[in-house]
Amino acid sequence: MTTRINPSILAADFVNLESELARIASADLVHVDVMDNHFVPNLTFGPQMVGRLQDVSPIPLDVHLMISDVDRWAPGYAELGAYSVTFHAEATDEPVRLARRLREIGARAGIALKPGTDAAPYLDLLPEFDQVLVMTVEPGFGGQSFMRETMPKLSRVADAVRAAGLDVWLQVDGGISLDTIGIAAEAGADTFVAGSAVFGAEVPAERIAALRDLAATHRHGAQPGTGSLKS
Ligand code: DX5
Ligand code: ZN
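Residues numbered from 1 in each chain as written. Chains lettered and ligands numbered in written order. Predicted model: local features only at pLDDT ≥ 70, side-chain atom pairs only at ≥ 80, totals over all residues. Heavy atoms only, no water.

Here we come to the UniProt feature "active site" (unreviewed entry) in the chain. UniProt's entry tags Asp33 and Asp173 with the feature "active site" (unreviewed entry), counted in the numbering of this structure. The largest pairwise C-alpha distance within this set of annotated residues, which runs over 141 residues, is 10.5 Å, so the set is compact in three dimensions. Here Asp33 is to be found in strand β2 (residues 30–35). A relative accessible area of 4% means that Asp33 is categorised as buried. Sequence-distant contacts of Asp33, that is, excluding residues within four places in its chain, are made with Ser8, Leu10, Thr44, Phe45, His64, Met66 and Asp173. Considering the arrangement of structural elements, one finds Asp173 in strand β7 (residues 169–173). Judged by relative accessible area, which is 9%, Asp173 ranks as buried. Not counting the four nearest positions on each side in its chain, Asp173 is found in contact with His31, Asp33, His64, Leu133, Val134, Met135, Thr136, Val137 and Val193. Polar side-chain contacts of Asp173 include one of 3.1 Å to the side chain of His31. (UniProt positions renumbered as here; feature names shortened; annotations may be inferred. Helix = DSSP H or I, 4+ residues; strand = E, 2+ residues; numbered from the N terminus. Buried < 20%, exposed > 50% of the residue type's maximum accessible area, 1.4 Å probe, protein only. Contact = heavy atoms within 4.5 Å. Polar contact = N/O pair within 3.5 Å; in protein donor to acceptor, adjacent residues only side chain to side chain.)

If you want it as structure tokens, here you go:
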């Protein structure tokens, strides 16, 4: 089982994004937070900017859409070459149709759940997705505190993925740091978004390595003290 660390460029220096991307080249994917000041009370960037990031990034793009009207906008991010496109369950009435469209274009399809959104209605739909993002803060801003109360939901999704024998990545996003990554790993996450924890470090590559080690040691099913995995 693989542990993935996806730094969020929301915490990067926006006028130097190309060099900021170079500092995180040892990460797995770069997490790109698209916000529309409608679905969330914050505004970042749109398709044109993400297209340029796609052109220059040394690692694939993991696009997190915190926008309304995803049925209209999400396919465009897949078309510009994003490796994964994650939309919020709360932003569409037809998540399966949209996921199928994203996969057809060639992206991995992700569904994100806000802290207050129940996972139950989506568990039967898991084969339709490549990734489930369990938000560990209210979406909209970096630098918030990890919400531990979201962990039972993460475990429920992890159990359902295992029971169905699926290869669906489980992502957490918000407040992931050296102090909290182990908690999320134990609950079943395998893909970890970290903004301030990575870009706030003097040497982001070292922080990425430290987060990766901690996550691997705490991975669900890891043998205590060894960091090795049972499954
Ligand atoms: C929040 C975004 C996150 C954010 C995480 O709505 O989705 O990706 O960048 O930032 P940190 O890691 O600082 O909590
Ligand atoms: Zn995000």
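Moving on: the pairing of strand β4 (residues 84–88). Of all five residues in β4, five are buried, a share of seventy percent or more. Residue alternation in β4 divides its side chains into two sets, Ser84, Thr86 and His88 and Val85 and Phe87, and both sets are buried. With four bridges joining them, strand β3 (residues 61–66) and β4 adopt parallel strand pairing. Note on β4: the bridge partner recorded for His64 is Thr86. After leaving β3, the chain enters helix α3 (residues 70–79) and then returns to the sheet as β4, a path that is right-handed. Two elements, β4 and strand β5 (residues 108–113), share five bridges in a ladder whose sense is parallel. Looking at β5, one finds that Ser84 is bridged to Arg108. Regarding the hand of the β-α-β motif, the stretch spanning β4, helix α4 (residues 95–105) and β5 is right-handed. (Pairing = 2+ DSSP bridges. Right-handed = clockwise from strand over helix to strand, strands pointing away.)

What follows deals with the pattern of salt bridges. Side chains that differ in sign of charge can pair as their charged atoms come close. Going through the model one piece at a time under the given rule, you end up with eleven salt bridges. In this structure, the salt-bridge partner of Arg212 is Asp28, at a minimum N-O distance of 2.7 Å. In this pair, Arg212 is assigned in helix α9 (residues 204–218) and Asp28 in the loop between α1 (17–23) and β2, connecting sequence segments 184 residues apart. The exposure class of Arg212 is partly exposed, given its relative accessible area of 22%. (Salt bridge = Lys/Arg side-chain N within 4 Å of Asp/Glu carboxyl O.)

This brings us to unusual backbone geometry. Excluding glycine, residues mostly carry a negative phi; peptide bonds, for their part, are mostly trans. Residue Asn37 is not a glycine yet carries a positive backbone phi of 55°. In this structure, Asn37 sits in the loop between β2 and α2 (47–56). The backbone of Asp69 shows a phi angle near 55°, a positive value even though the residue is not glycine. Here Asp69 lies in the loop between β3 and α3.

In this section: the site of ligand 1. Every one of the 19 residues lining ligand 1 counts as a neighbour, but Asp33, Gly140, Asp173, Gly195 and Ser196 are closest to it. One nitrogen or oxygen atom from the side chain of Asp173 is found 2.7 Å from an oxygen atom belonging to ligand 1. In this structure, an oxygen atom belonging to ligand 1 sits 2.8 Å away from a main-chain N or O atom of Gly175. The protein chains hide 99% of the 380 Å² of surface that ligand 1 would expose on its own. Elements with a minimum of two residues in the shell around ligand 1: β2, β3 and β8 (191–194). Here the residues of the shell around ligand 1 sort into seven nonpolar, ten polar and two charged. (Near = heavy atom within 4 Å. Areas by Shrake-Rupley, 256 points an atom, 1.4 Å probe, with all protein chains shown as cover. Nonpolar A, V, L, I, M, F, W, Y, C, P; charged D, E, K, R; others polar.)

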